[in-house]
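# Architecture and fold: a report
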Amino acid sequence: MDALKILFAASEAFPFAKSGGLGDVIGSLPKALAKKNTDVRVILPKYSSIADQYVQKFKFLMHFNVKVGYEEHYVGIFEYKTDHVTFYFVDNESFFSRNQLYGDYDDAERFIFFSRAVLECIPYIDFFPDILHCHDWQTALIPFLLKEQYHWHYLNTKSVFTIHNIKYQGLYGFNDLNPLLNLEYFPSAMEFYNKLNLMKGALYSADLVTTVSPSYAEELKDPYYGENLDGVVRDIDFKLHGILNGIDESVYNPQTDSDIFTQYTTFSGKVKNKKALQEYLDLPINPDIPVLSMVTRLVEQKGLDLVAGVIHEILQMDLQLVILGTGESQYENLFRELAYAYPKKVCACIDFDESLSRKIYAGSDLFLMPSKFEPCGLSQMICMRYGTVPIVRETGGLKDTIQYYNCETKTGNGYSFKTYNAHDMLYTIQAAVGLFYDYKSDWQQLVQNCFNTHFNWDMAAETYLYFYRKTTNKL
Ligand code: ADP
């Protein structure tokens, strides 16, 4: 069978640029697909924050211009090959030389520019994909434009759109967005209560829509989770599939990870990392006290209002709390204040730090993810890889990956609670801490169950490939 040609268009990919799980996915799914007789390429913005060690190896290919609104903008294309995947980087200093990936006043213009550049570069790089796979709102314009404006240019290209998080839709006022779209007619597929919604356009235009866990695919049809797009999701249910993400087990590997204090494969190696973490964070060094951690964006989605609601009850327990994250100032300040008030119990690292995140995954006993919603969640998979026990709310991918530990059967890989309620979370943390203190052999069994849980990309890549082939009639 011919190698399928797949082009991923996304706004981040580890190790070049990452702000969350999307970066992990785009950094690892293409690698997994490349092992399965496909020609996979990825196109990303060339952010100024990409580490020099990579940029030095980028090869300049060509440049051309694209039009956004009335303005012509320079597009440089760079290339970098690794792990049998070709990465292209779209260069434009005025759009991508910024301190942060997102959050600027002109994000709409930046990613409309990027989307245009992706569609225009195809003949230049001479790679006409069978599948153009776009991710989240930043590249949501591509399936729409492919259908409406570029169809005759790329007759054999089908578009796939993946919802990594429906909360962020690319929703803008009509008068702000429309002048940047260079369309000759009203984009009705994007119309959204007198505004324009890039994600809605993608949901209607893409040939295939996927999301990152089976449970989230179901939840999206419910108004509680659908963020006002639940009706659209119900409409396109016939082409929607939930495919559970994986993690790159070669990147997250306690046996080889050079960011952690001591490489390990067993419980005892983990204890060494815990003591080193406590020392590193200036907490009392005591392996007998459980370390409960969170590595997260500090936003409402992540259940931080539950944590805030019962934080003093949590801190009544004999445990240490470690937080690594950035986000909304109310949560940043809360954790800063707690660290100040409880210096021997709480450590708050208000930062985005990949290396420290690995140290925390390795050195903690418990990892808290009480999310209000969680499309897939990778942190619970990552923490288990490092033998850390997740405590999660049963939603989205958390529900699909974590089973409550059963002391009778010795099965299960964590703790979970169902209702989005602070005291349900508190009781669940208390149960987990109770097991840590009072049932040592069960605790070790649970840690071992976490080590034995694997969510690698092999299966998921196979599933994507099946749907790609079905969409292109190449089964
Ligand atoms: P989301 O994509 O919603 O942020 P995921 O659980 O899918 O959540 O993925 C989060 C990813 O981002 C994980 O790799 C996690 O380790 C990483 N991460 C989140 N916050 C930080 C931080 N402050 N420092 C380093 N890594 C972080």
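Just so it is clear, the model here is predicted, and its values are computed rather than measured.

### Quick notes on helix 6 (residues 174-181)
Turning to helix 6, its buried residues number three or more, namely Leu177, Leu180 and Leu181. What you see down the axis of helix 6 is that its buried residues fit within an arc of 105°, all on one side. Of the surrounding secondary structure, the elements contacted by the buried residues of helix 6 are strand 3 (59-68), helix 4 (107-125), helix 5 (141-148), strand 8 (171-173), strand 10 (195-197) and helix 7 (198-205).

### Topic: the site of the ligand
Surveying the vicinity of the ligand reveals 24 residues, the closest of which are Gly21, Asp24, Arg297, Lys302 and Tyr361. In this structure, an oxygen atom belonging to the ligand sits 2.6 Å away from a side-chain N or O atom of aspartate 24. Here an oxygen atom of the ligand and a side-chain polar atom of tyrosine 361 are 2.6 Å apart. Taken by itself the ligand offers 560 Å² of open surface, and the protein chains cover 93% of this.

### Considerations on the pattern of salt bridges
A complete count under the given rule lists 23 salt bridges for this structure. Linking lysine 274 and aspartate 365 is a salt bridge whose minimum nitrogen-to-oxygen distance equals 2.6 Å. Highlighted residues: lysine 274 in helix 11 (residues 267-280) and aspartate 365 in the loop between helix 15 (354-363) and strand 16 (366-369), separated in sequence by 91 residues. One exposure class covers both lysine 274 and aspartate 365, and it is buried.

### Considering the environment of valine 55
Along the chain, valine 55 falls in helix 2 (residues 52-55). Taking the C-alpha atoms as reference points, valine 55 and asparagine 456, separated by 401 residues in sequence, lie 28 Å from one another.

### Re the packing of aromatic side chains
Scanning the entire structure with this criterion turns up 34 aromatic pairs. The interplanar angle of 70° and the centroid separation of 5.3 Å between the aromatic rings of phenylalanine 60 and phenylalanine 78 together place this pair among those described as edge-to-face. Separated by 18 residues along the polypeptide, phenylalanine 60 in strand 3 and phenylalanine 78 in strand 4 (residues 71-82) bring together distant segments of the chain. Linked through ring pairs, Tyr47, Phe95, Phe96, Tyr102, Phe111, Phe113, Phe114, Trp137 and Tyr172 together constitute an aromatic cluster. The ring of phenylalanine 261 is capped by lysine 359, whose NZ or CZ atom sits 5.8 Å from the centre of that ring. Here lysine 359 stacks its cationic end above the ring of tyrosine 280, 5.9 Å away from the centre of that ring.

Cut-off values and rules
Residues numbered from 1 in each chain as written. Predicted model: local features only at pLDDT ≥ 70, side-chain atom pairs only at ≥ 80, totals over all residues. Heavy atoms only, no water. Buried < 20%, exposed > 50% of the residue type's maximum accessible area, 1.4 Å probe, protein only. Helix = DSSP H or I, 4+ residues; strand = E, 2+ residues; numbered from the N terminus. Arc of directions from axis to C-beta. Contact = heavy atoms within 4.5 Å. Near = heavy atom within 4 Å. Polar contact = N/O pair within 3.5 Å; in protein donor to acceptor, adjacent residues only side chain to side chain. Areas by Shrake-Rupley, 256 points an atom, 1.4 Å probe, with all protein chains shown as cover. Salt bridge = Lys/Arg side-chain N within 4 Å of Asp/Glu carboxyl O. Phe/Tyr/Trp six-rings, centres within 6.5 Å; stacked < 30°, edge-to-face > 60°. Lys NZ or Arg CZ within 6 Å of the ring centre and 35° of its normal.

The analysis is restricted to geometry; functional conclusions fall outside its scope.
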